[in-house]
Amino acid sequence: METLEKMLENVNAVHSTWFEQAFQLATKIAPEQVYFSGEVNNYDSPEIYYRENLTIPLLQNLIDEMKYCFSDSHLKALSVLSLLPSCNPQPVLSESTDKPFSFFLTDLPELESAEQEFNTWASVWREKYQDVAPPTSVTEALVHPESKSHPTVTLLLRLVAVLPSVSMECDLMKTTLNSIRDLFKNAVCRGSKTNHVMLLSHCTTLQRLPEVIEQCMEVDPESTSCLSQVTGALQRLKLGRDNEAKPSELHSTGDSVRPADGQVKPAAKETTQEIVPGPRRIVSFYDPQLREQILKELWDSQFFTVIFDQTVEINGELYVPLCIRYLNKEDIQCEETLAFIPFTEDSVVLTEAIETALSEKWGLNMEYCRGQALLSVGEVGAYMRLVSLAIAIKYPHAVRSISSALSLNVWLAKSSPVAEAAEGAVLIGKLLHWLTDDAERQNKLENEIIYVFKQEEGQGNEVSDKLVKNWEKSHDMHELMMEIIEAVVLCLDKLKGEGSTSDQQQASYFFDSIRNLEFIFSTVVQKNVLSVTKRLSQSLQGKPLDMLLSVNTLPDVKASLRKLQTDIDGCHKSWFEEAVAIASKLHVPMLHPVLLEPMSEFYKESVSTRVVEHSIAEIDDLFTEKVLDTLRCLEIVPYAMSKVETSILSGLVFRLYKEDLPDQSSLHSEMKAWKEKWLDSMVGYLPSTVLDALKTSQIRSFVNIETLLRLQVILPFSRRESNFRQGKRSLQEFIQQEKRSLTELHPL
């Protein structure tokens, strides 16, 4: 205002300069074609004409308009903006007459406490958030958690936010409804966690939506079907009326469209697998003649264990591969796929179909089933757990345990009920397999690792050495992924423009999938949680002595997991900060910093807490006391026996397997003779595996121990030895076929 008034006072000098500049510019643009208005002739000169008719009226109008727009009352109202954290709010002195709330005195519920709250608000931002970028707008300040503790500040900011002179902040106010509509659509249809978090910030706005929907249904009954789906989505997302729930209760909105068993596919190929109603038949790889040959071998082996493999799609329908493990007459571990069971969500029907296939179709006696394992995950896995439990109740010897087909850590990751964690584990496995399966691609990745670790060559070489081939048996897949993610992104960025079209598309899909905060965060969480179970996972893939010793580490593992659960707030904060740092390094698009805090809180409940809880629950389920006793029986292997100081083996074997022992009465003396045989100082070689022990001379003289060894080697957690036989027809080869048809199979 002072500047404008000063210009008006010195208008002659100011106008003279402006007129000269304008005339020179006009002459430069159109020489000899500069014309003035005809009214100029009524004045002493053109300069005076434009001073009186343009400059003076313009300056006077600007001054009047500024006085009108920025009246004292308006400026007092705008002074509330001084409360914005980015404006460095100052304490309010009681004797001061210039207070930010003076214009809104009638709107304040408690005038006396207002000054105290303003002073607290100012000190909070100076002391608690001094190292954090403060909110710079009204919207950012209002969504910040701190505003909940300062209702008077919140009220004033809301009042000033609706003033016409206050910026609409990127048109947020103008497009709120459209934004909420888009957020709702993406949260429901795409399962976007980011959009879900954004919707939660609009929860108050959405509370009356169910009421509006009900009224719409009354007016337009034909819309009931569609609108009821919207209501269902609101309830599932916990956004509607009377739907306040903890984020830990929120499940992924994309669960219904997840591929079976958590398989990850490029977005363009994702399909929703529906269970086709109607009777479907149990089928098998084998015709009656081949089945008869296999059946003779199965009857000779007597004992067996059951493995429910990952579901497979045949002719557009889901089937559960039913496999068994047994030891044949030549003491060779065998695993055979006996049947494909039509999958149904009725666990009772599914259990009956499995029993029918084993007992009636293959003639196996379920009383000789000594264990079971399942490899299905996701929604299918949940139904298979019910089947497994039903079988264990009916046949107590069929105890569920971990399968040696996967490492414990890979199983914990893939079987997680947290969609981001489970799908992330599958994605990492597929990505690392794709990169290391081809020599050229692996060389490119190793070159990028060398580049990224150029300042730490030793660490780079160590990381490259971890690029194994069999990722299903990996114990630190997530840890490795976070170590090399920068190199992987660089490698994929180059591969997007090289090779065949399909390879370029695959590289692009992987590139987009891992440059995502959701993927990075879930991987960081899994990395930290699975580091607790890493040693146990390694031991279970080892030899009998390693597995035997793993029993002793289990209490420490459980204690460490429960410590994570107790200190989840601190752990999650560290994990989230780590994920954000990695995402920033990879230039991953993220929410505005002010929204990262509510997103962190959301992820703590929906990801971190649930991943830890799942690991605890799964360890408890897989390692029951009966399973631990079974592992302790591995002491019967001579090398393991030589390393154990005290033994309770005889009692364990009798309690677990007394019905299976051919000569119970001689167990104690036989066990004593077996120990003396192998603990003799003259013995040179000590068998270190179950199969090696079975192949020793005089094993036929130890009938009870031979039976125990034959039982141990068929258990699902027992490691596959070098002469392992994977059935007359490979299930994995069948699964890897692009198309699978029932015409390739035979009805049972």
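Residues numbered from 1 in each chain as written. Predicted model: local features only at pLDDT ≥ 70, side-chain atom pairs only at ≥ 80, totals over all residues. Heavy atoms only, no water.

What exactly am I supposed to notice about the overall build of the protein chain here?
Scanning the protein chain from N- to C-terminus turns up 32 helices and seven strands. When the 748 residues of the protein chain are sorted by exposure, 47% land in the buried category. Across the protein chain, contacts joining residues at least 24 apart in sequence account for 72% of those joining residues at least 6 apart. Carbon and sulfur atoms make up 51% of the accessible area of the protein chain, which totals about 38,200 Å². (Helix = DSSP H or I, 4+ residues; strand = E, 2+ residues; numbered from the N terminus. Buried < 20%, exposed > 50% of the residue type's maximum accessible area, 1.4 Å probe, protein only. Contact = heavy atoms within 4.5 Å. Areas by Shrake-Rupley, 256 points an atom, 1.4 Å probe, with all protein chains shown as cover.)

Is there a simple way to explain a nonpolar patch on the surface in this structure?
Together, M1, M66, F70 and L75 make up an exposed nonpolar region whose accessible area comes to about 340 Å². Looking at where F70 falls in the secondary structure, it is placed in the loop between α3 (46-69) and α4 (72-78). A residue is classified by how much of its surface remains accessible, and F70, at 37% relative accessible area, is partly exposed. (Patch = residues over 30% accessible without salt bridge, like charges linked within 9 Å, V, L, I, M, F, W, Y side chains within 5 Å. Salt bridge = Lys/Arg side-chain N within 4 Å of Asp/Glu carboxyl O.)

How do you make sense of the environment of G424 when you look at a structure like this?
Relative to the assigned elements, G424 resides in helix α17 (residues 419-437). On the basis of relative accessible area, G424 is assigned to the buried category, the value being 7%. Residues G424 and Q526, 102 residues apart in the sequence, show an inter-C-alpha distance of 9.4 Å. The residues touching G424, leaving out its near neighbours within four places in the chain, are A419 and F519.

Any chance you could explain the nonpolar core here in plain terms?
Side chains of nonpolar character tend, in soluble globular proteins, to be buried together. Ranked by size, the top nonpolar core spans 167 residues in total, and within it I520 and F623 carry the most contacts. Judged by nonpolar contacts, the second largest core, of 22 residues, contains L84, V138, L157 and A161. (Core = buried A, V, L, I, M, F, W, Y, C linked by side-chain atoms within 4.5 Å.)

Explain the pattern of salt bridges to me, please; I cannot follow it from the model alone.
Within the structure shown, the criterion is met by 28 salt bridges. Across the salt bridge formed by R325 and E335, the nearest N and O atoms sit 3.4 Å from each other. In this pair, R325 sits in strand β4 (residues 317-327) while E335 sits in strand β5 (residues 333-342), placing the two residues 10 residues apart along the sequence. Of the two residues examined, R325 and E335, each falls in the buried class. Residues K604 and E605 are paired through a salt bridge, measuring 3.9 Å at the closest nitrogen-oxygen approach.

Can you walk me through the packing of aromatic side chains in this structure?
Each aromatic ring pair is specified by the distance between its two centres and by the angle formed by the two planes. Scanning all chains against the criterion turns up 22 aromatic pairs. Note on F285 and Y286: the rings are 6.0 Å apart at their centroids and 70 degrees apart in plane angle, and the pair reads as edge-to-face. Assessed through its relative accessible area of 5%, F285 is described here as buried. Overall, the relative accessible area of 2% leaves Y286 in the buried class. Through successive ring pairs, a cluster of aromatic residues spans F19, F23, F36, Y43, Y49 and Y50. One cation-aromatic arrangement involves R441 over W434; the distance from NZ or CZ to the ring centre is 4.1 Å. The residue whose ring lies beneath K677 is W678, and the NZ or CZ to ring-centre distance is 4.9 Å. (Phe/Tyr/Trp six-rings, centres within 6.5 Å; stacked < 30°, edge-to-face > 60°. Lys NZ or Arg CZ within 6 Å of the ring centre and 35° of its normal.)

How should I be thinking about the pairing of strand β6 (residues 369-374) in this particular structure?
Here is the key point about a regular strand: its side chains alternate between the two faces of the sheet. Counting buried positions along β6 gives six out of six residues, so the element sits mostly inside the fold. Where strand β2 (residues 304-308) lies against β6, four bridges are found, and the strand directions are parallel. Note that in β6 the partner of F304 across the bridge is C369. (Pairing = 2+ DSSP bridges.)

Could you clarify how one ought to interpret unusual backbone geometry in this entry?
A negative phi holds for most residues other than glycine; trans holds for most peptide bonds. Although it is not a glycine, D331 adopts a positive phi angle of roughly 60 degrees. Among the secondary structure elements, D331 is positioned in the loop between β4 and β5. The class of D331 is buried, set by a relative accessible area of 9%. We note that H587 has phi near 60 degrees; this positive angle belongs to a residue other than glycine. By secondary structure assignment, the location of H587 is in the loop between α24 (568-585) and α25 (593-622).

Just checking my understanding: could you explain the packing of helix α23 (residues 544-566) against helix α26 (residues 625-632) for this structure?
In a pair of packed helices, the angle between the axes and the distance between the axes together describe the arrangement. Close contact between α23 and α26 brings their axes to 8 Å; oriented N to C, the two are set at 140 degrees. For the element pair α23 / α26, the angle class is oblique. Where α23 approaches α26, its residues M547, L548, V551 and L554 are matched on the opposing element by L628, L631 and R632. Tallied by class, the residues present in the contact of α23 with α26 amount to six nonpolar, no polar and one charged. (Axes fitted to C-alpha atoms, helices over the stretch in contact; angles between N-to-C directions. Parallel < 35°, antiparallel > 145°, perpendicular 65-115°, else oblique. Nonpolar A, V, L, I, M, F, W, Y, C, P; charged D, E, K, R; others polar.)

I'm lost on the side chain of T154 in this one. Help?
Within the element layout of this structure, T154 appears in helix α7 (residues 151-161). Owing to a relative accessible area of 14%, T154 belongs among the buried residues under this scheme. Apart from the residues within four sequence positions on either side, T154 is in contact with L142 and S147.

Is there a simple way to think about the pairing of β5 in this case?
In terms of residue burial, β5 counts as a mostly covered element, since 10 of its 10 residues are buried. As judged from the nine bridges shared by β4 and β5, these two strands associate in the antiparallel manner. Residue Y326 lies in a different strand from β5, and its bridge partner there is C334. Hairpin connection between β4 and β5: a loop of five residues separates the two successive antiparallel strands, and D331 in this loop has a positive phi of roughly 60 degrees.

Sorry, what's going on with the environment of F623 here?
Positionally, F623 belongs in the loop between α25 and α26. Setting aside chain neighbours within four positions, we find F623 in contact with L408, L536, L540, L554, L628 and L631.

Which parts of the structure should I look at to understand helix α22 (residues 517-540)?
Along an α-helix, a turn takes 3.6 residues, which lines up residues three or four apart on a common side. End to end, α22 covers 32 Å across 24 residues, agreeing with the expected 34 Å (1.5 Å per residue, within 8%). By the criterion of burial, α22 is predominantly enclosed, with 17 of the 24 residues buried. At the N-terminal end of α22, a side-chain oxygen is found 2.7 Å from the backbone nitrogen of E518, two or three residues along, and the residue is N516. (Expected span 1.5 Å × (residues − 1). Polar contact = N/O pair within 3.5 Å; in protein donor to acceptor, adjacent residues only side chain to side chain.)

How should helix α29 (residues 667-679) be read in this particular structure?
Its 13 residues place the ends of α29 18 Å apart at the C-alpha level, agreeing with the 18 Å of an ideal helix rising 1.5 Å per residue. Restricting attention to buried positions, one finds in α29 the residues L667, E670, M671, W674 and W678. Projection of α29 onto a plane perpendicular to its axis shows the buried side chains occupying an angular sector of 100 degrees, all on one side. The outward face of α29, more than 90 degrees from its buried face, is lined by the exposed residues H668, K672 and E676. Structurally, α29 contributes buried residues whose contacts are with α27 (638-642), α28 (649-657), α30 (690-694) and α31 (703-714). (Arc of directions from axis to C-beta.)

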